[in-house]
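An overview of the molecular structure
Below are the chains, spelled out letter by letter.
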Amino acid sequence: MEAFRRRGTAFLARMTPSESTLLGTLAGELAELVQPLRSQDDEWLPDPAIQRLFPDTYRDDAEASTEFRHFTQADQATNKAEAAQAVIADIQNADGGWVTVTPDHVTAWLTTLTNLRLVLAARLGIVNEDDASRLAKLPRHDPRATTVAVFDWCGWMLQLLVDAVAAA
């Protein structure tokens, strides 16, 4: 992937077909992951990735956190799913590998890349920077190495977009 470049008010990045496919697949899986939570009536799921995406608001008050989640979770899940769908749409509309992120989709990209990193961190057991540093040193044959590489790649893309937006 080439770094995001500003063109007018939009940001463009060139992605290989495999990068586009990977990001589109991950964004689709993220949208599917939060889909059941889009209804206020659904129970809280004890999935570490879900817990990372929707952390307790009141860490010392489980009842208050549950009540807050009841009133906010559906909207938050909808926002996360819609952001992921915006990223997918941008990838699908790529022209010759160039993905265009319009100003109204920048937040969706930042949100989705952050959410993907949160999910991957939960799946890898990353709680702090020491965990990430330790996993970054895994040998290539370790089954977690590919997931760590995707985690790092999402972070790299996130940083490239943040840098491009900050320079604009």
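Considering the overall build of the protein
Scanning the protein from terminus to terminus reveals six helices and three strands. Viewed in the frame of its principal axes, the protein has a C-alpha envelope of about 50 × 40 × 25 Å. A buried classification covers 42% of the 168 residues belonging to the protein. Here the analysis covers contacts within the protein between residues at least 6 apart in sequence; of these, 66% occur between residues at least 24 apart. Carbon and sulfur atoms make up 51% of the accessible area of the protein, which totals about 9600 Å². In the protein, which carries 15 positive and 24 negative side-chain charges, the distance between the mean positions of the two groups comes to 9 Å.

Remarks on the nonpolar core
Counting 46 residues, the largest nonpolar core has Phe4, Leu23 and Trp109 as the members making the most contacts within it. Broken down by secondary-structure element, the contributors of at least two residues to this core are strand S2 (10-14), helix H1 (17-34), helix H2 (48-53), helix H3 (62-92), strand S3 (98-101), helix H4 (103-124) and helix H6 (145-167). Per element, the largest residue contribution to this core is ten residues, and it comes from H6.

Considerations on a negative patch on the surface
A cluster of acidic residues, Asp60, Asp61, Glu63 and Glu67, forms a negative patch on the protein surface. Relative to the elements of secondary structure, Glu67 occurs in helix H3. Judged by its relative accessible area of 48%, Glu67 falls in the partly exposed class.

A look at the side chain of Lys80
Position of Lys80 among the secondary structure elements: in helix H3. Although Lys80 is buried, it forms no salt bridge, and the closest oppositely charged side chain is Glu82 at an N-O distance of 12 Å. Of note is the side chain of Lys80, whose polar atom sits 3.4 Å from the side chain of Asn115. The residues contacting Lys80, other than those within four sequence positions of it, are Val34, Leu53, Phe54 and Asn115.

Section: the pairing of S2
Most of S2 is tucked away, with four of its five residues classed as buried. Taken together, the three bridges between strand S1 (residues 5-7) and S2 define a ladder with antiparallel strand orientation. Looking at the pairing, Arg7 lines up with Ala10 of S2. Counted between consecutive antiparallel strands, the loop separating S1 from S2 contains two residues, among which Gly8 sits at a positive phi close to 65°. Of the pairings in the sheet, the one linking S2 to S3 comprises four bridges and is antiparallel in character. Within S3, the residue paired with Phe11 across the bridge is Val101.

Points about the pattern of salt bridges
The tally for this structure, following the rule as stated, stands at five salt bridges. Note that Arg5 and Glu2 form a salt bridge whose closest N and O atoms lie 2.5 Å from each other. Its relative accessible area of 44% is what places Arg5 among the partly exposed residues. Residue Arg123 pairs with Asp47 through a salt bridge whose shortest N-O separation is 2.7 Å. A residue pair is termed long-range when its members are at least 10 positions apart, and Arg123 in helix H4 and Asp47 in the loop between H1 and H2 qualify at 76 residues. According to the relative accessible area criterion, Asp47 is buried, its value standing at 19%.

Quick notes on the sheet that holds S2
Read from one edge to the other, the open sheet built from three strands follows the order S1-S2-S3, with strand pairing classed as antiparallel. Either end of the sheet is taken by a strand with one partner, and the two such strands are S1 and S3. The mean inter-strand angle of the sheet, taken between neighbouring strand axes irrespective of direction, is 35°. The strands touched by H4 are S2 and S3; relative to S3, the strand with the most contacts, the crossing angle is about 105°.

Basis of the calculations
- Residues numbered from 1 in each chain as written.
- Predicted model: local features only at pLDDT ≥ 70, side-chain atom pairs only at ≥ 80, totals over all residues.
- Heavy atoms only, no water.
- Helix = DSSP H or I, 4+ residues; strand = E, 2+ residues; numbered from the N terminus.
- Buried < 20%, exposed > 50% of the residue type's maximum accessible area, 1.4 Å probe, protein only.
- Contact = heavy atoms within 4.5 Å.
- Areas by Shrake-Rupley, 256 points an atom, 1.4 Å probe, with all protein chains shown as cover.
- Lys, Arg positive; Asp, Glu negative; His and termini not counted.
- Charge placed at Lys NZ, Arg CZ, Asp CG, Glu CD.
- Core = buried A, V, L, I, M, F, W, Y, C linked by side-chain atoms within 4.5 Å.
- Patch = residues over 30% accessible without salt bridge, like charges linked within 9 Å, V, L, I, M, F, W, Y side chains within 5 Å.
- Salt bridge = Lys/Arg side-chain N within 4 Å of Asp/Glu carboxyl O.
- Polar contact = N/O pair within 3.5 Å; in protein donor to acceptor, adjacent residues only side chain to side chain.
- Pairing = 2+ DSSP bridges.
- Axes fitted to C-alpha atoms, helices over the stretch in contact; angles between N-to-C directions.

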